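# Chains, contacts and geometry: an overview
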Amino acid sequence: MTTVKIDLTRMVTESRNPASQDIDTLSTLDMLAVINNEDKKVAIAVEQVLPEIAQVVDAVAAAFQQGGRLIYTGAGTSGRLGILDASECPPTFGTKAEQVVGLIAGGHTAILRAVENAEDNQVLGKSDLTALNFTDKDVLVGIAASGRTPYVLGAMTYAKEIGATTACISCNPHSPMTELADVSITPVVGPEVVTGSSRMKAGTAQKLVLNMLTTGAMIRSGKVYGNLMVDVEATNAKLVERQKRIVIEATDCTREQAEIALHACEGHCKTAIVMILTNSNADEASQLLAQHRGFTRDAINAKA
């Protein structure tokens, strides 16, 4: 295991926030106002790195087209956020579970509680990646507020060695991760309200970026029509109802027409929409979508 010397005094996320130095003396409402005012800075920080986020979105979308995957790697809060984002892709966009994967230092146990020293192990970062049969067709995104977590650096180093695209999300500029990544996404949110508690502003910034990465890549992959999640899987009663609502919104059809179309195509929103808007049957709509790489709008326009 490689030991990395860390100088916390040089890290923005570890510095002391003057706005909250006396937060323990405030009323509850005033205390929350301080937190809220600091949180307002997060979206502005993310706005500053939109060009870098766009680069990664395009790289991930290109990887998906070639059968590649998006792999997140992180420790603690950062690792959990990656797993959260990855786990939401199959129900939201109808993807396979292996298309977006989150790795966390310490494995499954670390999702619920800290695993001692796991984040300090560079070799573990590499081995967890190789266990996924990671290839140069995949995209690796390292997540760490500090920008220097050894577990993440181990994974990123290996990904670079085999020629894969690497990106990172951190909140400290000029960190080892930013120097290693092909694309560095660094929203500088400033010091935390509670010094060093990077689950707060830094964690929020990371979540906003992760939302953009997967949502943007899925839109670029034809998983969204207008602003409707047309590949949503109906795994419960709420989602069955959502599917019907999506078809109605997309086609301006009646509820009965939506139900008939969804039944005919075995609950696939995208196919039902194409069926209704092109006056096709389920097989014809499915073929149209296949011919246009799953892009609903292109399939509809082709029949117009």
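Cut-offs applied
Residues numbered from 1 in each chain as written. Predicted model: local features only at pLDDT ≥ 70, side-chain atom pairs only at ≥ 80, totals over all residues. Heavy atoms only, no water. Helix = DSSP H or I, 4+ residues; strand = E, 2+ residues; numbered from the N terminus. Buried < 20%, exposed > 50% of the residue type's maximum accessible area, 1.4 Å probe, protein only. Contact = heavy atoms within 4.5 Å. Areas by Shrake-Rupley, 256 points an atom, 1.4 Å probe, with all protein chains shown as cover. UniProt positions renumbered as here; feature names shortened; annotations may be inferred. Core = buried A, V, L, I, M, F, W, Y, C linked by side-chain atoms within 4.5 Å. Domains from an automatic or database assignment. Buried area = accessible area lost by both parts, 1.4 Å probe. Polar contact = N/O pair within 3.5 Å; in protein donor to acceptor, adjacent residues only side chain to side chain. Nonpolar A, V, L, I, M, F, W, Y, C, P; charged D, E, K, R; others polar. Axes fitted to C-alpha atoms, helices over the stretch in contact; angles between N-to-C directions. Parallel < 35°, antiparallel > 145°, perpendicular 65-115°, else oblique. Left-handed = near helix turned anticlockwise from the far one by under 90°.

## Re the overall build of the protein
Secondary structure assignment for the protein yields 13 helices and five strands. When its C-alpha atoms are laid out on the principal axes, the protein stretches across 65 × 50 × 35 Å. Per-residue burial for the protein yields a buried fraction of 47% across its 304 residues. A separation threshold of at least 6 residues defines the contact pool for the protein, and within that pool the share at least 24 residues apart is 65%. Surface accessibility of the protein: about 15000 Å² in total, with carbon and sulfur atoms responsible for 50%.

## Observations concerning the UniProt feature "domain: SIS" (unreviewed entry) in the protein
In the UniProt entry, the feature "domain: SIS" (unreviewed entry) is given for residues 60-223. Secondary structure content for residues 60-223 is 45% helix and 14% strand, while the C-alpha to C-alpha distance between its ends is 14 Å.

## Structural notes on the UniProt feature "active site" (unreviewed entry) in the protein
When the UniProt feature table is mapped to this numbering, "active site" (unreviewed entry) covers Glu 88 and Glu 119. Spatially, the listed residues are scattered: they cover 32 residues, and their C-alpha atoms lie as much as 24.1 Å apart. Mapped onto the elements of the fold, Glu 88 is located in helix α3 (residues 76-93). Looking at Glu 88, the relative accessible area reads 42%, which means it is partly exposed. Excluding its chain neighbours within four sequence positions, the residues that come into contact with Glu 119 are Ala 75, Ala 105, Thr 149, Pro 150 and Tyr 151.

## Describing the nonpolar core
Counting residues in hydrophobic clusters, the biggest one holds 35 residues, and the most contacted among them are Val 141 and Leu 213. Sorting the residues of this core by element identifies α1 (28-47), α2 (50-65), β1 (70-74), α3, β3 (139-143), β4 (165-169), β5 (183-185) and α8 (201-220) as the ones contributing at least two each. In terms of residues, this core owes the most to one element, α8, which gives seven residues. Beyond its immediate sequence surroundings of up to four residues, Val 141 is in contact with Val 56, Leu 70, Ile 71, Tyr 72, Thr 73, Ala 167, Ile 169 and Leu 213. Counting residues in each nonpolar core, the second largest holds 25 residues, with Leu 239, Cys 253, Cys 269 and Ala 285 among its members.

## Focus on the domain arrangement of the protein
The assigned domain composition of the protein is domain 1 (12-220) and domain 2 (224-302). The distance between the C-alpha centroids of domain 1 and domain 2 comes to 33 Å. Buried surface at the junction of domain 1 and domain 2, summed over both partners, amounts to about 630 Å²; 55% is from carbon and sulfur atoms. Together, Pro 91, Thr 92 and Phe 93 form the three largest contributors to the area buried by domain 1 at its contact with domain 2, with a combined 50%. Connecting domain 1 to domain 2 are two residue pairs in polar contact (both at pLDDT 80 or more). Listed by contribution, the elements that provide at least two residues to the side of domain 1 that touches domain 2 are α3 and α8. Of the residues forming the side of domain 1 that touches domain 2, the biggest block, four residues, is contributed by α3. In terms of residue class, the side of domain 1 that touches domain 2 is made up of five nonpolar, four polar and one charged.

## Description of the side chain of Thr 95
With respect to the helices and strands, Thr 95 occurs in the loop between α3 and β2 (100-104). By relative accessible area, which is 5% here, Thr 95 ends up buried. Within the local environment of Thr 95, its side chain forms a polar contact with the backbone oxygen of Cys 89, the two atoms lying 3.5 Å apart. Once residues within four sequence positions are removed from consideration, Thr 95 is found in contact with Cys 89, Pro 90, Met 218, Lys 223 and Glu 233.

## So, the packing of helix α10 (residues 255-264) against helix α11 (residues 269-278)
Between α10 and α11, the shortest axis-to-axis distance is 8 Å and the interhelical angle comes to 120°. Relative to α11, α10 is oriented oblique. Read as a crossing pair, α10 and α11 show a hand that is right-handed. Facing Gln 257, Ala 261, Leu 262 and Ala 264 of α10, the residues of α11 in contact are Cys 269, Ala 272, Met 275 and Ile 276. Looking at the contact of α10 with α11 residue by residue, the classes come out as seven nonpolar, one polar and no charged.

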